[in-house]
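Listed here are the chains, written in short residue letters.
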Amino acid sequence: MTTHRYWLVKSEPSGFSWADLLASPDRTAEWDGVRNFQARNYMREMKLRDQVLFYHSSIPQPAVVGTAVVVREGYPDFTAWEPKNIHFDPKSTPEKPLWYMVDIQGKEALPYPVTLESIKHTPGLEKMMLLQRSRLSVQPVTAAEWKIIVALGKQGS
DNA sequence: GCCAACGTTGGC
DNA sequence: GCCAACGTTGGC
């Protein structure tokens, strides 16, 4: 039997949005540019077909707007090796990569985006890491939390 | 635009 | 190895 895990990734829509993901070839994007060790470690735990909540941050109504799936497991984030890239980091080299990324594929839009505000007030979601560690851009979600959020996103509250 | 939270850097 | 300074994120 296969088990998969659940995650939440955050993105500022002005940089890369849910719509951008859906518009990508095969609805698939490299989740590059993560430069935080804890987030990196979580990405290295991600497995094929793990489920991902896609969250829009730094907007008036931050919210989970869709679901995605991991289609490629952790591999070196080569943008760290490109001096002109905004995510360049000289401490990472092809021989000794420091940063990793995964590929995710957009799966399902949530017709009723699940706002941060509603997450705060929904029983069962009060322990979400999002509420305590708002700055962590890749974080685990429990199966129970996943279920509640996807249900809310599909049918509203 | 402000500010709190918090991760990272660097001097010692 | 400590800790102050600094930078970044993200909610409001």
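Here's a quick rundown of the structure.

Thresholds applied
Residues numbered from 1 in each chain as written. Chains lettered and ligands numbered in written order. Predicted model: local features only at pLDDT ≥ 70, side-chain atom pairs only at ≥ 80, totals over all residues. Heavy atoms only, no water. Near = heavy atom within 4 Å. Polar contact = N/O pair within 3.5 Å; in protein donor to acceptor, adjacent residues only side chain to side chain. Nonpolar A, V, L, I, M, F, W, Y, C, P; charged D, E, K, R; others polar. Helix = DSSP H or I, 4+ residues; strand = E, 2+ residues; numbered from the N terminus. Contact = heavy atoms within 4.5 Å. Salt bridge = Lys/Arg side-chain N within 4 Å of Asp/Glu carboxyl O. Buried < 20%, exposed > 50% of the residue type's maximum accessible area, 1.4 Å probe, protein only. Core = buried A, V, L, I, M, F, W, Y, C linked by side-chain atoms within 4.5 Å.

### Observations regarding the protein's contact with DNA strand B
Taken together, Asn 36, Phe 37, Lys 91, Gln 132, Arg 133 and Arg 135 make up the full set of residues near DNA strand B. Put simply, 61% of the atoms of DNA strand B that lie within 4 Å of the protein are in sugar or phosphate. Arg 133 places a polar side-chain atom, nitrogen or oxygen, 2.8 Å from a phosphate oxygen of DNA strand B. Class assignment of the residues belonging to the surface near DNA strand B gives a composition of one nonpolar, two polar and three charged.

### Looking at the protein's contact with DNA strand C
Residues in close proximity to DNA strand C include Lys 10, Tyr 55, Ser 57, Ser 58, Pro 62, Leu 116, Lys 120, Ser 134 and Arg 135, which together make up its full environment. Residue Tyr 55 places a side-chain N or O atom 2.8 Å away from a phosphate oxygen belonging to DNA strand C. A distance of 2.3 Å separates a phosphate oxygen of DNA strand C from a polar atom in the side chain of Lys 120. The class makeup of the residues in the surface near DNA strand C is three nonpolar, three polar and three charged.

### Some points on the side chain of Asp 103
Locating Asp 103 in the fold gives a position in strand E5 (residues 100-115). A polar contact of 2.5 Å, which involves the side chain of Asp 103, links it to the side chain of Tyr 75. Asp 103 has contacts with Thr 28, Ala 29, Glu 30, Val 69, Val 70, Val 71, Arg 72 and Tyr 75, leaving out every residue within four places of it along the chain.

### So, the pattern of salt bridges
By the definition in use, this model includes four salt bridges. A salt bridge links Asp 89 to Lys 91; the shortest N-O distance between them is 3.4 Å. A relative accessible area of 9% means that Asp 89 is categorised as buried. Among the salt bridges present, the one from Lys 154 reaches Glu 108, with a minimum N-O distance of 3.4 Å. Of this pair, Lys 154 sits in helix H5 (residues 143-155) while Glu 108 sits in strand E5, and the two are 46 residues apart along the sequence. For Lys 154, a relative accessible area of 42% translates into the label partly exposed. Owing to a relative accessible area of 32%, Glu 108 belongs among the partly exposed residues under this scheme.

### Description of the nonpolar core
Counting residues in each nonpolar core, the largest one holds 21 residues, and the members touching the most others are Val 9, Trp 31, Met 46, Phe 54, Ile 104 and Val 138. Contributions of two or more residues to this core are made by strand E1 (6-11), helix H1 (18-23), helix H2 (37-45), strand E3 (51-56), strand E4 (63-76) and E5. Considering every element that reaches this core, the biggest residue donor is E4, with four residues. Once residues lying within four places of it in the same chain are set aside, the contact partners of Phe 54 are Val 9, Ser 11, Phe 16, Ser 17, Trp 18, Leu 21, Trp 31, Ala 63, Val 64, Val 65, Gly 66 and Ile 104. Ranked by size, the runner-up nonpolar core spans 17 residues in total, among them Leu 8, Leu 53, Leu 125 and Met 128.

Coordinates in, geometry out; function isn't part of it.
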